[in-house]
Amino acid sequence: MNRGRIVAAVGIGFSLACSQARGAAPDVKSLFPAGAASGSTVEVVATGALKPWPPKVRVSGEGVRFEPLKDEGKFRVVVAAGTAPGVRWVRFYNDDGAAAPRGFVVGAVPEVTETEANDAGDDGIKPIERLTTINGRLAKAGDLDAFRVRLTAGRTFVAWLDCHTPLATPLDAVLQLATAEGHVVAQNLDERGLDPGLTFTPPRDGDYLIRVFGYAAEPSTNLRFTGVDNGVYRLTVGCGPVVDHAFPTVVEAGKPATTSLAGWNLAPETAAVQRTAEVSAGTRSDLVLASTDGKTSETNVAGRAAIVAVDVPTTIEREPNDAAHPQSIEAPIAVNGRIADRGDRDVYALRAKKGDSLRLRVASREFGFAVDPLLRVVKSDGTELNRFDDLARNEPDVDAVWRAPEDGEYRLIVEDLFGAAGLRHVYVLDVRPVGEDFSLTTAAGAVEGKAGKPFDVAVDVVRPTGMTAEIELSIEGLPEGTTGLTAISAAKGDTTKKVVLKPIVRQPFSGPLRIVGKIKGKSVARTATIVPSPGPGLPPIVDVWATVKK
């Protein structure tokens, strides 16, 4: 989705593997712990190469301060009281370059750090009875961490692991919930990307074990439990209130938006809290914390919810919207929907003229939700024209270009490919003309140059089939007096899919830049995102770190 973002509640961090300056530039592999509760002070160890010590540190947002200690790699991290929960991107840099960004998470519930050995959950710590975030590490081959939790009959237990997706930990983790005697009652592997999450409603009060173990994220023939020096994770567990998402998930940029919160064990007044935000139109990189209009009696609410700003009108699906009662929509539009019950099929009626070329997208996994979407285009008489599920690209979300064969009313039918449904089966159907959309990506997480000489900033232009508009690219954030900040992606030729900007900075500089593209003659704008992406449900990284030396 092309969008600006609002993050409400707890967000999560990640590390992005991107190119960086050589020489003595910092190289940070992990932070441990990778987060802390609001109002707390913790000692954090950064693993990697950090000479000369100490590096400079840039933290996004407000409320988090990294203070280097005497020992190399150690920082005192101060999280101010009242700091809004969510991810802070931490960049370590010096005159020779910058490390890849690392995520540090401000939490909203009490936090603890695991103590070894805890492979059987008998480390002497009392059972966890309240909602808690555990900072842990799978540090060696065969490692398995277990924690004893006390559950309440009839109240949903939630366990959510942040590992590979938000922290770029090179593990494909698994969560298991077992009885005190060792009988597994729930297990999950990949609820969000490669990270697991599970819920369980116990039939009776009692102690259980929540287990964490993992395999290498990169496929291999070794099926043993694995662990690595930077095998950090954050595990939130308990029978307390947990927010999973906001609905609607996408709102129109520049207009006030109201949404409610969905999750587990939420008090009615919490779930009904209206979050109102007015998001300025512009790039997908806008990050704003949504304000809370009402008060809630729940003080320790874990989880996160994202509200995403898009530059087209938005709406919500309205039941019934089955074959007999299709919901009318008009392009361009983004529809917030949910597959609530098994076999649910959401049907939308769309009028189109012969030759109209539309980009049809159904996004769910991109937001961290559970739908594996199937989109069917059907004539009003029931004749199926097209079926899109993107299995050939091994990407569950649908992204297709469709051309109307004749004037008429068509049905767009959204369903889960395997008939699954539930609370987390949320999707966004985005329909817009082909000529009004594009995206920009860059693999250059960091670039380097010399003062007074041009250096390369390469950008990939992703155009849907049939888009021929010129796109004006520009660089923002470099010092005044810099030249070479603009370029054109032409409708044809070498620059259609790839553009290399060549800025010239006149003096030494170290800091972030952004690459923005606009369709010539229109207000449609996009900011380049760094690939690989941080993972489903997380805001993209858009800041490229530039180091210009003498």
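In case you missed it, the structure is sitting above this.
All of the points below concern the structure found in this document. (Residues numbered from 1 in each chain as written. Predicted model: local features only at pLDDT ≥ 70, side-chain atom pairs only at ≥ 80, totals over all residues. Heavy atoms only, no water.)

Focus: the sheet that holds strand S45 (residues 529–530)
Across a sheet, paired strands are connected by hydrogen bonds in the backbone, their directions being either parallel or antiparallel. Read from one edge to the other, the open sheet built from four strands follows the order S42-S39-S37-S45, with strand pairing classed as mixed. Edge strands, defined here as strands with exactly one partner in the open sheet, are strand S42 (498–501) and S45. In this sheet, strand S39 (residues 457–462) lies alongside strand S37 (residues 439–442) in antiparallel orientation, the contact comprising three bridges. Counterpart to Ser439 in the pairing with S39 is Val462. (Pairing = 2+ DSSP bridges. Helix = DSSP H or I, 4+ residues; strand = E, 2+ residues; numbered from the N terminus.)

Looking at the nonpolar core
Val447, Leu501, Leu513 and Ile515 are the most contacted members of the largest nonpolar core, which has 31 residues in total. Among the secondary structure elements, those contributing two or more residues to this core are strand S8 (86–94), S39, strand S40 (471–476), S42, strand S43 (509–519) and strand S46 (544–549). The dominant element in this core, judged by the number of residues it contributes, is S43, at four residues. In this structure, Val447 is in contact with Phe455, Asp456, Val457, Leu513, Val544, Trp545, Ala546 and Thr547, ignoring residues within four places of it in sequence. (Core = buried A, V, L, I, M, F, W, Y, C linked by side-chain atoms within 4.5 Å. Buried < 20%, exposed > 50% of the residue type's maximum accessible area, 1.4 Å probe, protein only. Contact = heavy atoms within 4.5 Å.)

Some details on the environment of His245
Mapped onto the fold, His245 is located in strand S20 (residues 242–247). For the pair His245 and Arg304, spaced 59 residues apart in sequence, the C-alpha separation works out to 6.3 Å. The contact partners of His245, leaving out residues within four places of it in the chain, are Ser260, Leu261, Ala262, Arg304, Ala305, Arg338, Phe369, Leu423 and Val426. There is a polar contact of 2.7 Å between the side chain of His245 and the side chain of Arg338. (Polar contact = N/O pair within 3.5 Å; in protein donor to acceptor, adjacent residues only side chain to side chain.)

So, the environment of Arg345
Positionally, Arg345 belongs in the loop between strand S29 (333–338) and strand S30 (346–352). For Arg345 and Val414, which are 69 residues apart along the polypeptide, the C-alpha to C-alpha distance reads 5.8 Å. Not counting residues within four places of it along the chain, the set of residues in contact with Arg345 comprises Asn321, Asp322, Arg376, Ile413, Val414 and Glu415. In terms of polar contacts, Arg345 uses its side chain to reach the side chain of Glu415, at 3.1 Å.

Thoughts on the side chain of Asp430
Mapped onto the elements of the fold, Asp430 is located in strand S36 (residues 426–433). Engagement of the side chain of Asp430 in a polar contact is seen with the side chain of Arg432, the distance being 2.9 Å.

Digging into the environment of Ala186
For Ala186, the position within the fold is in strand S16 (residues 184–188). Sequence separation of Ala186 and Gln176 is ten residues, and the distance between their C-alpha atoms is 5.8 Å. Not counting residues up to four positions away in its chain, the partners in contact with Ala186 are Leu175, Gln176, Leu177 and Leu198.

Let's talk about the sheet that holds strand S14 (residues 157–162)
Strand order in the open sheet made by the five strands is S11-S12-S19-S14-S17, with mixed pairing throughout. Both edges of this open sheet fall to strand S11 (111–113) and strand S17 (197–200), since each of them pairs with a single strand only. Averaged over all neighbouring strand pairs, the angle between strand axes comes to 15 degrees, with direction disregarded. The pairing of strand S12 (residues 132–137) with strand S19 (residues 232–238) spans six bridges and is antiparallel. Note that in S19 the partner of Ile134 across the bridge is Leu235. (Axes fitted to C-alpha atoms, helices over the stretch in contact; angles between N-to-C directions.)

Looking at the packing of aromatic side chains
By the definition in use, this model includes 13 aromatic pairs. With a centroid separation of 6.1 Å and 40 degrees between ring planes, the pair formed by Trp160 and Trp264 is classed as tilted. Residue Trp160 is located in strand S14, and its partner Trp264 is located in strand S22 (residues 256–264); the two are separated by 104 residues in the primary sequence. Exposure class is identical for Trp160 and Trp264. Each is buried. Centroid distance Phe367 to Phe369: 6.4 Å. Interplanar angle 35 degrees. Geometry classified as tilted. Through a chain of ring-to-ring contacts, three or more aromatic side chains come together here, namely Trp53, Phe66, Phe75, Phe92 and Phe104. Seen from the ring of Phe32, Arg137 lies directly overhead, with NZ or CZ sitting 4.1 Å from the centre. (Phe/Tyr/Trp six-rings, centres within 6.5 Å; stacked < 30°, edge-to-face > 60°. Lys NZ or Arg CZ within 6 Å of the ring centre and 35° of its normal.)

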